[in-house]
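Coordinate inspection notes
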Amino acid sequence: MGNSSDNVRGLILALSSSIFIGSSFIVKKKGLRKAGATGVRAGVGGYSYLYEPLWWAGMITMIFGEIANFAAYAFAPAILVTPLGALSIIFSAVLAHFILEEKLHIFGILGCVLCVVGSTSIVLHAPQEKDIESVKEVWNLATEPGFIVYTSIVLVLVLILIFRFVPRYGSTHMIVYVGICSLMGSLTVMSVKALAIALKLTFLGTNQFIYFQTWFFTMVVIVCCLLQVNYLNKALDTFNTAVISPVYYVMFTTLTILASMIMFKDWDTQNGSQIVTELCGFVTILSGTFLLHKTKDMGNEESKHSSISLASQAKN
């Protein structure tokens, strides 16, 4: 990671963000469960959770996490900040084990360890943040042909998922809801980084809000975030939290790194060994999330078999 003080600030903010966001999944799910017991569940189109204080507590926690995450992008490149979201997987999986009784198998614990190892590898070899002196520079990067093509593909895929796949497969295939959130999330991060840079430069004395580009990025962030929250709620209310978190992380991080490579060209200043090490770190994180996904029900099954065995012994 070098000696960049900006990268260190970004790292600290990203770690704080993971703690808040990982905890918010649990609090929000408890709120969704409570709201679903007395009203229409979010998974079938209900919005009764909006009247549930516990859901709002989780939402506020997530907002704090997103604010820290937002600030991190002002100081560090996306390829450093985004993969650290793996730590939120660990917090949510462990808390789900103790609070929601969604048991975590021993291989799930190994998956958490792999996430930490992979994150550490990426942190130690992350590229330095580029010096950007105006939001216009970010706009120029965003309007290059490569990123325009990427954005067009993302928007087309999201529209297809929303209007064709959500009505048919949304309640049975988690990938539909998570796919929408991840695709829009990659655009959100690019706009968040642009807005964070604009705010940082403004606080340093160069007002960036006199440019229409800053307001455009702000509108993109708002629209994308609202869309993500809606479909993330549907996913959380319908599927296992310990599964949603890692799958969402894998898709979101992969697409965000891809978008950042296209828009900010993060790897242009790195040599081959650094890039390979970062990729190995990312693959290690993917392995960890895969283990969490594949062993999601093994902990519950073991607990169930243990209870049955104890009951049988008691009868004998």
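Here the structure is shown first, and the text comes after it.
I will try to describe carefully the structure that is included in this document.

Thresholds applied
Residues numbered from 1 in each chain as written. Predicted model: local features only at pLDDT ≥ 70, side-chain atom pairs only at ≥ 80, totals over all residues. Heavy atoms only, no water. Phe/Tyr/Trp six-rings, centres within 6.5 Å; stacked < 30°, edge-to-face > 60°. Helix = DSSP H or I, 4+ residues; strand = E, 2+ residues; numbered from the N terminus. Buried < 20%, exposed > 50% of the residue type's maximum accessible area, 1.4 Å probe, protein only. Lys NZ or Arg CZ within 6 Å of the ring centre and 35° of its normal. Patch = residues over 30% accessible without salt bridge, like charges linked within 9 Å, V, L, I, M, F, W, Y side chains within 5 Å. Areas by Shrake-Rupley, 256 points an atom, 1.4 Å probe, with all protein chains shown as cover. Salt bridge = Lys/Arg side-chain N within 4 Å of Asp/Glu carboxyl O. Expected span 1.5 Å × (residues − 1). Contact = heavy atoms within 4.5 Å. Polar contact = N/O pair within 3.5 Å; in protein donor to acceptor, adjacent residues only side chain to side chain.

**A closer look at the packing of aromatic side chains**
One pass over the structure, following the stated rule, counts 12 aromatic pairs. Where Phe-20 meets Phe-64, the ring centres are 6.0 Å apart and the plane angle is 35°; that geometry is what we call tilted. Placement of Phe-20 in helix α1 (residues 5-38) and of Phe-64 in helix α2 (residues 53-75) is noted, with a sequence separation of 44 residues between them. Phe-64 sits in the partly exposed class, given a relative accessible area of 49%. Between the NZ or CZ atom of Lys-193 and the centre of the ring of Phe-264, over which it lies, the distance is 5.6 Å.

**Section: a nonpolar patch on the surface**
On the surface, Val-149, Ile-153, Val-156, Leu-157, Ile-160, Phe-165 and Tyr-169 cluster together into a nonpolar patch covering about 580 Å² of accessible area. Considering the arrangement of structural elements, one finds Tyr-169 in helix α7 (residues 145-169). Among the residues examined, Tyr-169 registers a relative accessible area of 35% and is labelled partly exposed.

**Section: α2**
Since one α-helical turn is 3.6 residues long, residues separated by three or four positions face the same way. With 23 residues, α2 extends 34 Å from end C-alpha to end C-alpha; this agrees with the ideal 33 Å at 1.5 Å per step. The inward-facing, buried residues of α2 contact α1, α3 (78-81), α8 (174-203) and α9 (212-238). Regarding α2, its N-cap is Glu-52, as a side-chain oxygen of that residue lies 3.2 Å from the backbone nitrogen of Leu-54 further along.

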